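Okay, here's what each chain looks like letter by letter:
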Amino acid sequence: MLIRRAEVYGLGERDVRIRDGQLSEMDETLAADNGEFVLNADGGALLPGLHDHHLHLFSLAAARASAPCGPPAVSDRTALERAITAGAARANGGSWIRGVGYCESVAGPLDRRALDAMPVANPVRVQHRSGGLWILNSAAVGQLGLDRGVDVPGIERDANGKATGRLFGLDTWLRSQVSSSAFPDLTAVGRELAAFGVTGVTDASVDNDRACLDAFVAAIDGGALRQRAVIMGNAELPTIDHPRIRVGPVKIYLRDHALPKLEDLGESMRDAHGRGRRIAVHCVTRAELVLAATALMDVGPLPGDRIEHAAVAPPDLVALLKELAVSVVTQPHFIAERGDTYREDVDSADLPWLYRCAGWLRAGLSLAAGSDAPFGHPDPWRAMRAATLRTTESGFVLGREECISPEQALSLFTADSETPGFPNRQLRVGSAADVCLLDRPWGQARSVLRSEMVRATFCAGRQTFETDGA
């Protein structure tokens, strides 16, 4: 393929030839080879393909068939009941109802009693928007036998030993109990991400194991997943020789209510490093970030070690992470999607330090971004726009000093997948043909930052998306 008159990001207008999965030639003018397909870019920006550095693919696919149970679709108890009863109406007989995205701003803390108050006989499971908590009604508790001897770590119980319906960190176990198919189909997810210009993803699910890895291989080899993939997971994930899949860091999931001992966390980090793996530590609270940083200081970080989210990062912790030279993978779009809730629920002392962008860059840290989909919207352009504006749904600017430029926002999704934040990928002769073509020059696109601008996407030279008439 020959792409004519593309504004190659950082280089200016060029003709670009794609051959054998690479950018094979790039010049001001190239002659088309005999029979070569020619695409006229009309001056549209040609960017490195976007990489979502933190998402959950199978959860995203499952969420597409689930009832929304949180903002913006659901904002109060009445709307929650309506969403769950609508899910029951669509279900067959006594099928499970799956809800996603719940947060306490809707109807306060949720347990089996609250769900039992809704006029639904089906077993119901509702996932908290954090991804780490499932809430079940009594029908679901009964079907799983949680009050009849089934006792798995993570099942919350009351003073009498009865299950409250709240399950912590049991996503994989719950899926194995209720799903007839081990893994959801990723075809729609791969198509959607390609339409956003995404050519690579990092699946950050803590429970990814060999079976999950095999499922990802099958999805890519079968054409369902159109992107390259880095797969995080447990320490037992084997190495893999595949042109579009790499095994990534060991995911360590910290939870405020059950923090490990410092020495135990350090041992987990040493074990990962000893296996030749990097680590990625989930930190959404100040306490989690302090613990992770302290353990890393004891163990000694390696290039490619990462902090996921770093949702609350006051200046002293920014300075500490700079000393450790780890990468930070953040989610600036949560300011747009959840900012008004944060203003009500988060300690006022922490509000200036939520999902920082400019603060990390000023400190010289390696910074990248991911959508955390399905717990955030998978469109990376929304995240870029949020990073430049920091505006909540109500129009309040939360952390104005954390705003970054459109170019810096774009770099959050063009960062290297091995060491997010540095170095950013560049379009050069010989590099992989993972590119995103916009319908306008960057000078116009930078003030819009919307996925509707994406005209075509190529991964390893294969066109994975095109708009009508592209």
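The structure presented is a predicted model; accordingly, all values stated were derived computationally and were not measured.

Q: I'd like a description of the environment of L324, backed by residues and values.
A: When you line up the elements, L324 lands in helix α11 (residues 315-324). By relative accessible area, L324 is classed as buried at 8%. Beyond its immediate stretch of four places on either side in the chain, L324 contacts A293, L296, M297 and P301.

Q: So, unusual backbone geometry: which residues are in play, and what are the values?
A: Note that the residue after P71, namely P72, is joined by a cis bond; omega there is 0 degrees. The residue P72 is located in the loop between β7 (67-68) and α2 (77-90) in this model. Positive phi, close to 40 degrees, is recorded for Y355, a residue that is not glycine. Relative to the helices and strands, Y355 is located in the loop between α12 (333-345) and α13 (358-362).

Q: I'd like a rundown of the sheet that holds β7, residues and numbers included.
A: Here six strands make up an open sheet; going across it, the order is β7-β8-β9-β10-β12-β11 and the pairing mixed. Of all the strands in the sheet, just β7 and β11 (155-157) have a single pairing partner and so form its edges. Pairing geometry for strand β9 (residues 124-128) and strand β10 (residues 133-136), over three bridges, is antiparallel. Following the sheet pairing, R125 is matched in β10 by L136. Across the sheet, α2 is in contact with β7, β8 (97-102) and β9; its angle to β8 comes to roughly 150 degrees.

Q: Residues and numbers for the environment of D271, please.
A: With respect to the helices and strands, the residue D271 is situated in helix α9 (residues 262-274). Considered as a pair, D271 and A369 are 98 residues apart in the sequence and their alpha carbons are 26 Å apart. At a separation of 2.9 Å, a polar atom in the side chain of D271 contacts the side chain of R275.

Cut-off values and rules
- Residues numbered from 1 in each chain as written.
- Predicted model: local features only at pLDDT ≥ 70, side-chain atom pairs only at ≥ 80, totals over all residues.
- Heavy atoms only, no water.
- Helix = DSSP H or I, 4+ residues; strand = E, 2+ residues; numbered from the N terminus.
- Buried < 20%, exposed > 50% of the residue type's maximum accessible area, 1.4 Å probe, protein only.
- Contact = heavy atoms within 4.5 Å.
- Pairing = 2+ DSSP bridges.
- Axes fitted to C-alpha atoms, helices over the stretch in contact; angles between N-to-C directions.
- Polar contact = N/O pair within 3.5 Å; in protein donor to acceptor, adjacent residues only side chain to side chain.

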